[in-house]
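Descriptive structure summary
Listed here are the chains, written in short residue letters.
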Amino acid sequence: MTLFGEFHVPAEAFALADTLEAAPDLVIETERVVATDEILTPYFWVSGEDGARFEDVAANDPSVRNLRHIDDVDRAALYRAEWTENVESIVFAYTAVGATILEASAQHKEWELSMRFNNRERLDQFREYCNDHDIPFRLNKLYEHAHPRAGGQYGLTEKQHDALVTAWEMGYYGSSDVSLTDVADSLGISQQSLSRRLQRGYDSLIQHALAVTPPSEEPPLED
């Protein structure tokens, strides 16, 4: 049984604590995390009033290395880096038990995480690891794969669900009078954040609701 958990953790228990301390107006949101046997490489967006200072302060942050600027979109910048191995962090804990971070966003010295666990045993292992290593975390919500409020049966996180429904309720999909900025303001998030949540939501809906087989997985055509 797949389980989804939503956590709040202090920055020092995850990543970029020194950066968020030095630039408290930063907003950091993960795009995706590429994992190999030895390296975790997150891609993340940086925005906010302190965005211009990010590279300077992050260069001295011990939780990341090999920081690289990838792209700029509107008022946000995309970066990639490598997380340093730290046994007393959520990063190491979730890799140790084989969980998946679906979303991660940080502001004001705190991270908000949405994680997926393949079963209850993995969740228990995660909790045990955090407790054994004195890693602070606060579990705000736990639900099964078919959690109706979050659209979990379609692979949606609650934030993706809320973004899609709010956009629909405001008439964004059927009216040229409602802009992406209008919907973002209603949710209290940036336009960039909303755009990414909608994009991820579309991807999950297509994958889980329409049962589309990715082209790379299609069986070969027979003569």
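Anything mentioned here points back to the structure above.
Residues numbered from 1 in each chain as written. Predicted model: local features only at pLDDT ≥ 70, side-chain atom pairs only at ≥ 80, totals over all residues. Heavy atoms only, no water.

It is worth spelling out the overall build of the protein at this point. Along the backbone of the protein there are seven helices and eight strands. When the 223 residues of the protein are sorted by exposure, 41% land in the buried category. Contacts spanning at least 24 positions in sequence make up 60% of the contacts within the protein whose residues lie at least 6 apart. Put simply, the protein shows about 12,400 Å² of open surface, and 45% of that area lies on carbon and sulfur atoms. (Helix = DSSP H or I, 4+ residues; strand = E, 2+ residues; numbered from the N terminus. Buried < 20%, exposed > 50% of the residue type's maximum accessible area, 1.4 Å probe, protein only. Contact = heavy atoms within 4.5 Å. Areas by Shrake-Rupley, 256 points an atom, 1.4 Å probe, with all protein chains shown as cover.)

Turning our eyes to something else, we now look at unusual backbone geometry. The phi dihedral of L16 is positive, around 60 degrees, even though this residue is not glycine. Inspection of the secondary structure puts L16 in the loop between β1 (3–10) and α1 (17–22). Given a relative accessible area of 2%, L16 falls into the buried group. Despite not being glycine, H108 shows a phi value in the positive range, around 55 degrees.

So, on to the packing of aromatic side chains. Under the criterion given, the structure shown has 11 aromatic pairs. On the basis of an interplanar angle of 80 degrees and a centroid distance of 6.0 Å, the ring pair of F44 and F54 is categorised as edge-to-face. Note that F44 is positioned in strand β3 (residues 40–47) and F54 in helix α2 (residues 54–58), a separation of 10 residues in sequence. Pair check on accessibility: F44 and F54 agree, each one buried. For F44, a relative accessible area of 3% puts it in the buried group. (Phe/Tyr/Trp six-rings, centres within 6.5 Å; stacked < 30°, edge-to-face > 60°.)

Going through the model one piece at a time under the given rule, you end up with five salt bridges. K109 is paired through a salt bridge with E21; the nearest N and O atoms lie 3.3 Å apart. Here the residue K109 occupies a position in the loop between β6 (100–107) and β7 (110–117), and E21 occupies one in helix α1, the gap between them amounting to 88 residues. Under the relative-accessibility criterion, K109 is labelled partly exposed at 41%. In this structure, E110 and R138 form a salt bridge, with 3.9 Å as the shortest nitrogen-oxygen distance. Here E110, found in strand β7, pairs with R138, found in strand β8 (residues 138–144); they are 28 residues apart in sequence, far enough to count as distant. (Salt bridge = Lys/Arg side-chain N within 4 Å of Asp/Glu carboxyl O.)

Our focus in this paragraph is the side chain of H161. Among the secondary structure elements, H161 is positioned in helix α5 (residues 158–169). Residue classification places H161 among the buried residues on the basis of a relative accessible area of 17%. Within the local environment of H161, its side chain forms a polar contact with the side chain of D162, the two groups lying 3.3 Å apart. (Polar contact = N/O pair within 3.5 Å; in protein donor to acceptor, adjacent residues only side chain to side chain.)

For the rest of this paragraph, the subject is the side chain of E82. The topology assignment puts E82 in strand β5 (residues 76–83). Only 3.2 Å separates the side chain of E82 from the side chain of N66, close enough to count as a polar contact.

The geometry of helix α3 (residues 90–97) relative to helix α4 (residues 120–132) is characterised by a closest axis approach of 9 Å and an angle of 145 degrees between their N-to-C directions. Here the hand of the crossing between α3 and α4 comes out right-handed. Two secondary-structure elements touch here, α3 through I90, F92, A93, Y94, A96 and V97 and α4 through R122, Q125, F126, Y129 and C130. (Axes fitted to C-alpha atoms, helices over the stretch in contact; angles between N-to-C directions. Left-handed = near helix turned anticlockwise from the far one by under 90°.)

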